[in-house]
Amino acid sequence: MRFNPFRPGSIVSPGMFCGRGAEVIAIEQSLFQTKNGNPAHFLIEGERGIGKSSLMLYVNLLATNQLVGSEYFNFISLQIELNDVDDDTDIVRKIGMALKRELIRSFDIKAIAKGIYDWVINWNVLGVEYKKDKDGIDSLGAMEDLADLMARVIKDAGSNTLGALDGILVLIDEADAACDTANLGRFLKLFTERLSKRECDRVCFGLAGLPSLVPKLKDGHESSPRIFQDLNLQPLRPEERREVVRRGLVEANAKNETETKIDESALTLISALSEGYPHFIQQFSHSAFASDEDYNITEEDVMDGAFSENGAMDQLAKRYYNKMYFEQIWSEDYRRVLHAMTEYLDQWVSRAQIIKSSGIKETQVNNALAALKTRGIILANEQKKGEYRLPTKAFAVWLKIKSDKPMSVKSAAQP
Ligand SMILES: Nc1ncnc2c1ncn2[C@@H]1O[C@H](COP(=O)(O)OP(=O)(O)O)[C@@H](O)[C@H]1O
Ligand SMILES: [Mg+2]
(Lines give C-alpha, C1' and ligand atoms only; values in the text may rest on other atoms or scores of the structure.)
(Ligands and ions follow the chains in the order given, each with its own letter.)
Protein backbone atom coordinates (compact mmCIF):
# COMPACT_ATOMS: atom_id res chain seq x y z
CA MET A 1 0.00 0.00 0.00
CA ARG A 2 1.14 3.50 -0.81
CA PHE A 3 -0.13 6.82 0.50
CA ASN A 4 -1.39 8.92 -2.43
CA PRO A 5 -1.01 12.59 -1.49
CA PHE A 6 -3.15 14.13 -4.25
CA ARG A 7 -6.65 15.19 -3.33
CA PRO A 8 -8.86 15.63 -6.36
CA GLY A 9 -12.02 15.83 -4.30
CA SER A 10 -11.07 18.03 -1.40
CA ILE A 11 -9.51 21.25 -0.28
CA VAL A 12 -5.75 21.41 -0.72
CA SER A 13 -3.55 21.07 2.36
CA PRO A 14 -1.56 24.21 3.19
CA GLY A 15 1.66 22.32 2.40
CA MET A 16 0.60 21.66 -1.20
CA PHE A 17 -1.04 25.05 -1.72
CA CYS A 18 0.71 26.80 -4.65
CA GLY A 19 0.38 30.08 -6.49
CA ARG A 20 -2.25 32.71 -5.64
CA GLY A 21 0.50 35.15 -4.66
CA ALA A 22 -1.34 38.25 -5.86
CA GLU A 23 -4.60 37.21 -4.21
CA VAL A 24 -2.92 36.41 -0.90
CA ILE A 25 -1.21 39.82 -0.89
CA ALA A 26 -4.52 41.56 -1.64
CA ILE A 27 -6.27 39.67 1.17
CA GLU A 28 -3.47 40.37 3.64
CA GLN A 29 -3.94 44.03 2.73
CA SER A 30 -7.66 43.70 3.49
CA LEU A 31 -6.90 42.18 6.85
CA PHE A 32 -4.32 44.82 7.63
CA GLN A 33 -6.70 47.67 6.75
CA THR A 34 -9.46 46.08 8.80
CA LYS A 35 -7.17 45.52 11.76
CA ASN A 36 -6.43 49.25 11.66
CA GLY A 37 -10.05 50.30 11.59
CA ASN A 38 -10.70 50.64 7.88
CA PRO A 39 -12.69 47.53 7.00
CA ALA A 40 -11.90 46.16 3.54
CA HIS A 41 -14.01 43.29 2.26
CA PHE A 42 -13.04 40.90 -0.53
CA LEU A 43 -14.75 38.53 -2.90
CA ILE A 44 -13.10 35.50 -4.52
CA GLU A 45 -14.78 34.40 -7.71
CA GLY A 46 -14.13 31.60 -10.15
CA GLU A 47 -15.37 28.40 -11.73
CA ARG A 48 -15.90 25.22 -9.79
CA GLY A 49 -12.59 23.53 -9.08
CA ILE A 50 -10.47 26.64 -9.60
CA GLY A 51 -9.48 26.71 -5.92
CA LYS A 52 -11.83 29.08 -4.08
CA SER A 53 -12.42 26.92 -1.00
CA SER A 54 -8.71 26.10 -0.80
CA LEU A 55 -7.82 29.79 -0.83
CA MET A 56 -10.49 30.48 1.82
CA LEU A 57 -8.96 27.82 4.06
CA TYR A 58 -5.52 29.33 3.54
CA VAL A 59 -6.85 32.78 4.46
CA ASN A 60 -8.48 31.35 7.56
CA LEU A 61 -5.10 30.02 8.68
CA LEU A 62 -3.34 33.31 7.90
CA ALA A 63 -5.93 35.34 9.81
CA THR A 64 -5.60 33.17 12.89
CA ASN A 65 -1.81 33.02 12.93
CA GLN A 66 -1.68 29.33 12.06
CA LEU A 67 0.45 30.17 9.02
CA VAL A 68 3.22 32.70 8.81
CA GLY A 69 2.30 35.45 6.37
CA SER A 70 3.76 38.87 5.80
CA GLU A 71 2.01 40.12 8.93
CA TYR A 72 0.88 38.70 12.25
CA PHE A 73 -2.91 38.46 12.46
CA ASN A 74 -5.17 37.51 15.34
CA PHE A 75 -8.71 37.57 13.99
CA ILE A 76 -11.68 35.64 15.24
CA SER A 77 -12.31 33.81 11.98
CA LEU A 78 -15.81 32.50 11.29
CA GLN A 79 -16.16 30.02 8.44
CA ILE A 80 -19.72 29.95 7.24
CA GLU A 81 -21.42 27.99 4.51
CA LEU A 82 -24.78 29.17 3.41
CA ASN A 83 -26.01 26.37 1.20
CA ASP A 84 -28.90 25.58 3.55
CA VAL A 85 -30.18 29.00 4.55
CA ASP A 86 -33.68 30.22 3.73
CA ASP A 87 -33.66 33.85 4.81
CA ASP A 88 -31.51 36.56 6.36
CA THR A 89 -32.38 35.44 9.90
CA ASP A 90 -30.72 32.13 9.04
CA ILE A 91 -27.61 34.05 7.99
CA VAL A 92 -27.59 35.91 11.31
CA ARG A 93 -28.09 32.65 13.17
CA LYS A 94 -25.20 30.95 11.35
CA ILE A 95 -22.80 33.81 11.99
CA GLY A 96 -23.96 34.05 15.61
CA MET A 97 -23.48 30.33 16.24
CA ALA A 98 -20.01 30.41 14.71
CA LEU A 99 -19.09 33.42 16.83
CA LYS A 100 -20.32 31.66 19.94
CA ARG A 101 -18.23 28.58 19.13
CA GLU A 102 -15.11 30.65 18.54
CA LEU A 103 -15.55 32.66 21.72
CA ILE A 104 -15.85 29.47 23.75
CA ARG A 105 -12.90 27.93 21.93
CA SER A 106 -10.35 30.69 22.15
CA PHE A 107 -11.32 32.89 25.10
CA ASP A 108 -11.37 32.32 28.82
CA ILE A 109 -15.11 32.56 28.75
CA LYS A 110 -15.58 32.85 32.51
CA ALA A 111 -13.33 35.87 32.65
CA ILE A 112 -14.91 37.59 29.66
CA ALA A 113 -17.01 40.78 30.02
CA LYS A 114 -20.34 39.93 31.63
CA GLY A 115 -22.54 41.11 28.77
CA ILE A 116 -20.68 38.89 26.31
CA TYR A 117 -20.76 35.94 28.68
CA ASP A 118 -24.52 36.25 29.09
CA TRP A 119 -24.95 36.40 25.35
CA VAL A 120 -22.82 33.35 24.71
CA ILE A 121 -24.71 31.35 27.30
CA ASN A 122 -28.12 32.54 26.10
CA TRP A 123 -27.62 32.61 22.36
CA ASN A 124 -29.61 29.41 21.86
CA VAL A 125 -32.50 31.04 23.63
CA LEU A 126 -32.17 34.15 21.54
CA GLY A 127 -31.95 31.91 18.51
CA VAL A 128 -35.39 30.61 19.34
CA GLU A 129 -36.76 34.12 19.45
CA TYR A 130 -36.09 34.51 15.76
CA LYS A 131 -37.32 31.07 14.87
CA LYS A 132 -39.18 30.64 11.65
CA ASP A 133 -42.25 28.90 13.01
CA LYS A 134 -43.04 31.96 15.11
CA ASP A 135 -45.19 34.56 13.40
CA GLY A 136 -43.41 37.61 12.10
CA ILE A 137 -39.71 36.95 12.26
CA ASP A 138 -37.84 40.00 13.47
CA SER A 139 -34.99 39.80 10.99
CA LEU A 140 -33.87 43.41 11.43
CA GLY A 141 -33.89 42.96 15.19
CA ALA A 142 -31.73 39.87 14.82
CA MET A 143 -29.27 41.85 12.70
CA GLU A 144 -29.13 44.67 15.26
CA ASP A 145 -28.42 42.16 18.03
CA LEU A 146 -25.61 40.52 16.11
CA ALA A 147 -24.07 43.90 15.24
CA ASP A 148 -24.28 44.88 18.93
CA LEU A 149 -22.56 41.70 19.93
CA MET A 150 -19.74 42.07 17.40
CA ALA A 151 -19.14 45.64 18.51
CA ARG A 152 -19.02 44.49 22.09
CA VAL A 153 -16.68 41.58 21.43
CA ILE A 154 -14.20 43.80 19.64
CA LYS A 155 -14.37 46.48 22.30
CA ASP A 156 -14.58 44.43 25.49
CA ALA A 157 -13.65 40.81 24.92
CA GLY A 158 -9.99 41.49 25.65
CA SER A 159 -7.35 38.97 24.63
CA ASN A 160 -7.77 35.42 23.47
CA THR A 161 -5.20 32.64 23.64
CA LEU A 162 -3.11 34.44 21.00
CA GLY A 163 -3.19 37.89 22.57
CA ALA A 164 -4.95 41.14 21.66
CA LEU A 165 -7.72 40.76 19.12
CA ASP A 166 -7.38 42.32 15.62
CA GLY A 167 -11.03 41.96 14.67
CA ILE A 168 -13.55 39.52 13.27
CA LEU A 169 -13.27 37.88 9.86
CA VAL A 170 -16.41 36.32 8.38
CA LEU A 171 -15.59 33.91 5.54
CA ILE A 172 -18.61 32.90 3.48
CA ASP A 173 -17.96 30.11 0.97
CA GLU A 174 -20.43 29.20 -1.79
CA ALA A 175 -22.01 32.60 -1.30
CA ASP A 176 -23.76 32.32 -4.66
CA ALA A 177 -26.04 29.65 -3.15
CA ALA A 178 -27.30 32.04 -0.49
CA CYS A 179 -28.10 34.78 -2.95
CA ASP A 180 -30.97 32.87 -4.48
CA THR A 181 -32.83 32.22 -1.28
CA ALA A 182 -31.63 34.42 1.52
CA ASN A 183 -30.75 37.60 -0.32
CA LEU A 184 -27.17 37.82 0.83
CA GLY A 185 -26.61 41.10 -1.06
CA ARG A 186 -29.25 42.88 0.96
CA PHE A 187 -28.05 41.32 4.20
CA LEU A 188 -24.46 42.47 3.63
CA LYS A 189 -25.51 46.00 2.79
CA LEU A 190 -27.77 46.33 5.84
CA PHE A 191 -25.42 44.56 8.21
CA THR A 192 -22.28 46.50 7.30
CA GLU A 193 -24.29 49.73 7.66
CA ARG A 194 -25.29 48.68 11.16
CA LEU A 195 -21.69 47.92 12.01
CA SER A 196 -20.50 51.33 10.86
CA LYS A 197 -23.25 53.08 12.84
CA ARG A 198 -21.77 51.45 15.92
CA GLU A 199 -18.27 52.43 14.81
CA CYS A 200 -17.55 48.72 14.80
CA ASP A 201 -14.95 48.98 12.06
CA ARG A 202 -12.81 45.91 12.54
CA VAL A 203 -15.07 43.33 10.87
CA CYS A 204 -14.06 41.98 7.47
CA PHE A 205 -16.27 39.93 5.14
CA GLY A 206 -14.64 37.54 2.67
CA LEU A 207 -16.91 35.86 0.13
CA ALA A 208 -16.27 33.10 -2.36
CA GLY A 209 -18.51 31.96 -5.16
CA LEU A 210 -19.10 31.21 -8.81
CA PRO A 211 -18.79 33.97 -11.42
CA SER A 212 -22.55 34.41 -11.09
CA LEU A 213 -22.03 35.78 -7.56
CA VAL A 214 -21.49 39.43 -8.48
CA PRO A 215 -24.66 39.81 -10.58
CA LYS A 216 -26.59 37.98 -7.88
CA LEU A 217 -25.34 40.31 -5.16
CA LYS A 218 -26.41 43.17 -7.37
CA ASP A 219 -29.91 41.75 -7.66
CA GLY A 220 -30.08 41.75 -3.87
CA HIS A 221 -28.83 45.27 -3.55
CA GLU A 222 -27.55 47.50 -6.34
CA SER A 223 -24.56 48.81 -4.40
CA SER A 224 -23.57 45.64 -2.52
CA PRO A 225 -20.88 44.41 -4.98
CA ARG A 226 -19.15 47.77 -4.56
CA ILE A 227 -18.38 46.95 -0.95
CA PHE A 228 -15.97 44.24 -2.12
CA GLN A 229 -12.62 44.01 -3.78
CA ASP A 230 -13.08 41.46 -6.53
CA LEU A 231 -10.44 38.71 -6.89
CA ASN A 232 -10.94 36.60 -9.97
CA LEU A 233 -9.13 33.24 -9.79
CA GLN A 234 -7.34 32.07 -12.94
CA PRO A 235 -5.59 28.78 -13.74
CA LEU A 236 -2.17 28.23 -12.16
CA ARG A 237 0.96 29.10 -14.11
CA PRO A 238 3.18 26.31 -15.50
CA GLU A 239 5.81 26.65 -12.78
CA GLU A 240 3.11 26.61 -10.07
CA ARG A 241 1.50 23.48 -11.58
CA ARG A 242 4.80 21.60 -11.39
CA GLU A 243 5.32 22.81 -7.85
CA VAL A 244 1.95 21.32 -6.78
CA VAL A 245 3.09 17.91 -8.02
CA ARG A 246 6.53 18.20 -6.45
CA ARG A 247 5.11 19.19 -3.09
CA GLY A 248 2.64 16.33 -3.27
CA LEU A 249 5.52 13.91 -3.73
CA VAL A 250 7.39 15.44 -0.79
CA GLU A 251 4.28 14.74 1.31
CA ALA A 252 4.08 11.18 -0.02
CA ASN A 253 7.75 10.49 0.54
CA ALA A 254 7.51 11.61 4.15
CA LYS A 255 4.86 8.93 4.75
CA ASN A 256 5.79 6.05 2.45
CA GLU A 257 8.69 3.69 2.99
CA THR A 258 9.87 3.83 -0.62
CA GLU A 259 10.51 7.15 -2.29
CA THR A 260 8.46 7.99 -5.42
CA LYS A 261 10.17 10.02 -8.15
CA ILE A 262 8.82 11.71 -11.22
CA ASP A 263 10.37 12.31 -14.64
CA GLU A 264 10.63 15.93 -15.77
CA SER A 265 8.71 14.97 -18.90
CA ALA A 266 5.87 13.55 -16.80
CA LEU A 267 5.69 16.84 -14.88
CA THR A 268 5.52 18.69 -18.18
CA LEU A 269 2.73 16.42 -19.38
CA ILE A 270 0.61 16.93 -16.24
CA SER A 271 1.18 20.66 -16.51
CA ALA A 272 0.17 20.70 -20.19
CA LEU A 273 -2.86 18.43 -19.87
CA SER A 274 -4.24 20.33 -16.87
CA GLU A 275 -3.88 23.76 -18.49
CA GLY A 276 -3.47 25.00 -14.93
CA TYR A 277 -6.86 24.04 -13.52
CA PRO A 278 -6.08 22.96 -9.94
CA HIS A 279 -8.68 20.20 -9.86
CA PHE A 280 -7.21 18.80 -13.07
CA ILE A 281 -3.68 18.92 -11.66
CA GLN A 282 -4.79 17.05 -8.55
CA GLN A 283 -6.75 14.48 -10.54
CA PHE A 284 -4.12 13.80 -13.21
CA SER A 285 -1.45 13.57 -10.50
CA HIS A 286 -3.59 11.30 -8.35
CA SER A 287 -4.26 8.94 -11.24
CA ALA A 288 -0.64 8.96 -12.44
CA PHE A 289 0.52 8.16 -8.92
CA ALA A 290 -2.00 5.31 -8.76
CA SER A 291 -0.92 3.94 -12.16
CA ASP A 292 2.76 3.94 -11.30
CA GLU A 293 4.15 0.64 -10.10
CA ASP A 294 7.92 1.14 -10.04
CA TYR A 295 8.12 4.29 -7.87
CA ASN A 296 9.04 6.39 -10.86
CA ILE A 297 6.21 8.31 -12.49
CA THR A 298 6.69 8.52 -16.25
CA GLU A 299 4.70 9.94 -19.15
CA GLU A 300 3.17 6.50 -19.66
CA ASP A 301 1.87 6.53 -16.08
CA VAL A 302 0.32 9.94 -16.65
CA MET A 303 -1.35 8.83 -19.89
CA ASP A 304 -2.51 5.59 -18.40
CA GLY A 305 -3.89 7.30 -15.33
CA ALA A 306 -5.65 9.89 -17.44
CA PHE A 307 -7.29 7.80 -20.11
CA SER A 308 -7.86 4.31 -18.73
CA GLU A 309 -11.32 3.30 -17.63
CA ASN A 310 -12.22 5.11 -14.40
CA GLY A 311 -9.05 7.13 -14.85
CA ALA A 312 -8.66 10.86 -14.39
CA MET A 313 -10.85 11.89 -17.33
CA ASP A 314 -13.72 9.69 -16.16
CA GLN A 315 -13.38 10.86 -12.57
CA LEU A 316 -13.46 14.51 -13.60
CA ALA A 317 -16.52 13.85 -15.72
CA LYS A 318 -18.27 12.18 -12.81
CA ARG A 319 -17.40 14.83 -10.30
CA TYR A 320 -17.86 17.95 -12.40
CA TYR A 321 -19.67 17.15 -15.61
CA ASN A 322 -22.11 14.50 -14.61
CA LYS A 323 -25.00 15.79 -16.60
CA MET A 324 -22.72 16.78 -19.46
CA TYR A 325 -20.88 13.53 -19.70
CA PHE A 326 -21.17 12.09 -23.13
CA GLU A 327 -21.69 8.39 -23.57
CA GLN A 328 -21.84 6.14 -26.64
CA ILE A 329 -25.41 7.27 -27.27
CA TRP A 330 -23.98 10.61 -28.28
CA SER A 331 -23.94 11.22 -31.98
CA GLU A 332 -20.84 12.14 -33.89
CA ASP A 333 -22.56 15.47 -34.70
CA TYR A 334 -22.78 16.47 -31.05
CA ARG A 335 -19.15 15.66 -30.59
CA ARG A 336 -18.07 17.70 -33.60
CA VAL A 337 -20.17 20.68 -32.60
CA LEU A 338 -18.76 20.63 -29.08
CA HIS A 339 -15.28 20.22 -30.40
CA ALA A 340 -15.71 23.23 -32.70
CA MET A 341 -16.72 25.25 -29.64
CA THR A 342 -13.77 24.25 -27.44
CA GLU A 343 -11.32 26.56 -29.16
CA TYR A 344 -13.39 29.52 -27.93
CA LEU A 345 -13.36 28.18 -24.33
CA ASP A 346 -16.37 29.81 -22.63
CA GLN A 347 -16.78 32.71 -25.09
CA TRP A 348 -19.85 33.16 -27.27
CA VAL A 349 -19.58 31.49 -30.69
CA SER A 350 -21.93 32.13 -33.59
CA ARG A 351 -23.76 29.34 -35.34
CA ALA A 352 -22.02 30.34 -38.57
CA GLN A 353 -18.61 29.85 -36.95
CA ILE A 354 -19.65 26.46 -35.61
CA ILE A 355 -20.90 25.36 -39.02
CA LYS A 356 -17.64 26.48 -40.55
CA SER A 357 -15.28 24.81 -38.12
CA SER A 358 -17.26 21.62 -37.50
CA GLY A 359 -17.51 20.85 -41.20
CA ILE A 360 -21.01 19.42 -40.92
CA LYS A 361 -24.28 20.47 -42.55
CA GLU A 362 -26.31 23.39 -41.26
CA THR A 363 -29.40 21.32 -40.39
CA GLN A 364 -27.31 18.83 -38.46
CA VAL A 365 -25.60 21.66 -36.56
CA ASN A 366 -29.00 23.15 -35.75
CA ASN A 367 -30.29 19.86 -34.41
CA ALA A 368 -27.17 19.27 -32.35
CA LEU A 369 -27.25 22.80 -30.91
CA ALA A 370 -30.91 22.43 -29.93
CA ALA A 371 -30.29 19.09 -28.24
CA LEU A 372 -27.18 20.28 -26.41
CA LYS A 373 -29.00 23.38 -25.23
CA THR A 374 -31.99 21.42 -23.93
CA ARG A 375 -29.66 19.20 -21.93
CA GLY A 376 -27.93 22.18 -20.38
CA ILE A 377 -24.58 21.26 -21.95
CA ILE A 378 -24.25 24.55 -23.79
CA LEU A 379 -25.78 27.96 -23.11
CA ALA A 380 -27.63 30.12 -25.61
CA ASN A 381 -27.11 33.88 -25.62
CA GLU A 382 -30.38 35.52 -24.64
CA GLN A 383 -29.13 38.89 -25.83
CA LYS A 384 -28.02 37.72 -29.22
CA LYS A 385 -29.79 35.04 -31.19
CA GLY A 386 -27.66 32.33 -32.78
CA GLU A 387 -24.79 32.55 -30.28
CA TYR A 388 -23.80 29.73 -27.99
CA ARG A 389 -21.09 28.96 -25.48
CA LEU A 390 -19.72 26.25 -23.22
CA PRO A 391 -20.58 26.84 -19.55
CA THR A 392 -17.01 26.90 -18.18
CA LYS A 393 -13.43 27.11 -19.40
CA ALA A 394 -12.48 23.96 -17.54
CA PHE A 395 -15.21 21.98 -19.30
CA ALA A 396 -13.90 23.24 -22.63
CA VAL A 397 -10.44 22.03 -21.66
CA TRP A 398 -11.83 18.66 -20.59
CA LEU A 399 -13.67 18.29 -23.93
CA LYS A 400 -10.53 19.26 -25.79
CA ILE A 401 -8.46 16.63 -24.03
CA LYS A 402 -11.22 14.07 -24.56
CA SER A 403 -11.51 14.63 -28.27
CA ASP A 404 -7.83 15.30 -29.01
CA LYS A 405 -6.66 12.40 -26.90
CA PRO A 406 -3.03 12.75 -27.83
CA MET A 407 -1.84 10.17 -30.31
CA SER A 408 1.59 10.19 -28.85
CA VAL A 409 2.87 11.31 -25.52
CA LYS A 410 5.25 13.72 -27.20
CA SER A 411 2.56 15.74 -28.95
CA ALA A 412 0.60 16.27 -25.70
CA ALA A 413 3.60 17.66 -23.94
CA GLN A 414 4.08 20.51 -26.40
CA PRO A 415 3.06 23.68 -24.57
N1 LIG B 1 -3.58 26.69 -4.82
C2 LIG B 1 -3.72 25.37 -5.01
N3 LIG B 1 -2.65 24.56 -5.10
C4 LIG B 1 -2.81 23.23 -5.29
N5 LIG B 1 -3.99 22.60 -5.39
C6 LIG B 1 -5.11 23.35 -5.33
C7 LIG B 1 -5.03 24.76 -5.14
N8 LIG B 1 -6.28 25.24 -5.12
C9 LIG B 1 -7.09 24.19 -5.29
N10 LIG B 1 -6.41 23.04 -5.41
C11 LIG B 1 -7.02 21.70 -5.62
O12 LIG B 1 -8.00 21.84 -6.66
C13 LIG B 1 -9.20 21.18 -6.35
C14 LIG B 1 -10.36 22.17 -6.31
O15 LIG B 1 -10.15 23.08 -5.25
P16 LIG B 1 -11.33 23.78 -4.43
O17 LIG B 1 -10.67 24.70 -3.47
O18 LIG B 1 -12.27 22.77 -3.89
O19 LIG B 1 -12.05 24.61 -5.61
P20 LIG B 1 -13.44 25.39 -5.62
O21 LIG B 1 -13.80 25.70 -4.21
O22 LIG B 1 -13.16 26.61 -6.44
O23 LIG B 1 -14.41 24.47 -6.29
C24 LIG B 1 -8.96 20.45 -5.05
O25 LIG B 1 -8.61 19.14 -5.34
C26 LIG B 1 -7.79 21.18 -4.42
O27 LIG B 1 -7.02 20.29 -3.66
MG1 LIG C 1 -15.46 25.24 -3.12
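**Considering the domain arrangement of the chain**
Here is step 1 of the chain: Along its sequence, the chain is carved into domain 1 (20-232), domain 2 (238-320) and domain 3 (324-404).
Here is step 2 of the chain: Here the C-alpha centroids of domain 1 and domain 3 sit 40 Å apart.

**Points about the site of ligand 1**
Here is step 1 of the chain: Surrounding ligand 1, one finds 21 residues, the nearest of these being Val12, Gly51, Ser53, Ser54 and Pro278.
Here is step 2 of the chain: In terms of residue class, the shell around ligand 1 is built from nine nonpolar, eight polar and four charged.
Here is step 3 of the chain: Looking at which domains feed residues into the shell around ligand 1, each of domain 1 (20-232) and domain 2 (238-320) gives three or more.

**Notes on helix α9 (residues 238-255)**
Here is step 1 of the chain: The terminal C-alpha atoms of α9, which comprises 18 residues, lie 27 Å apart, in line with the 26 Å expected from a rise of 1.5 Å per residue.
Here is step 2 of the chain: Residues of α9 that are buried: Arg241, Val244, Val245, Gly248 and Leu249. Mapping the buried residues of α9 onto a view down its axis gives an arc of 125 degrees, with all of them on the same face. Among the exposed residues of α9, those oriented more than 90 degrees off its buried face are Glu239, Val250 and Ala254.
Here is step 3 of the chain: In the core, the buried residues of α9 are packed alongside β8 (261-262), α10 (264-274) and α11 (278-291).

**Observations concerning the pairing of strand β1 (residues 41-45)**
Here is step 1 of the chain: Of all five residues in β1, four are buried, a share of seventy percent or more.
Here is step 2 of the chain: Pairing analysis gives five bridges linking β1 to strand β7 (residues 228-232), with the strands arranged parallel. When the bridges of β7 are listed, Phe42 appears paired with Gln229.
Here is step 3 of the chain: Two elements, β1 and strand β6 (residues 203-209), share four bridges in a ladder whose sense is parallel. Note that in β6 the partner of Leu43 across the bridge is Leu207.

**Some remarks on the nonpolar core**
Here is step 1 of the chain: By size, the foremost hydrophobic cluster in this structure holds 119 residues, and its most contacted members are Met150, Ile168, Leu184, Ile270 and Val337.
Here is step 2 of the chain: Looking at this core, the element that brings in the most residues is helix α5 (residues 139-156), giving eight residues.
Here is step 3 of the chain: Every residue in contact with Ile270, bar those within four places of it in the chain, is listed here: Arg241, Val245, Ile281, Phe284, Ser285, Ala288 and Val302.

Reading the values: rules and limits
- Residues numbered from 1 in each chain as written.
- Chains lettered and ligands numbered in written order.
- Predicted model: local features only at pLDDT ≥ 70, side-chain atom pairs only at ≥ 80, totals over all residues.
- Domains from an automatic or database assignment.
- Near = placed C-beta within 6 Å.
- Nonpolar A, V, L, I, M, F, W, Y, C, P; charged D, E, K, R; others polar.
- Helix = DSSP H or I, 4+ residues; strand = E, 2+ residues; numbered from the N terminus.
- Expected span 1.5 Å × (residues − 1).
- Buried ≥ 20, exposed ≤ 12 C-beta atoms within 10 Å, placed from the backbone.
- Arc of directions from axis to C-beta.
- Contact = placed C-beta atoms within 7 Å.
- Pairing = 2+ DSSP bridges.
- Core = buried A, V, L, I, M, F, W, Y, C linked by C-beta atoms within 7 Å.

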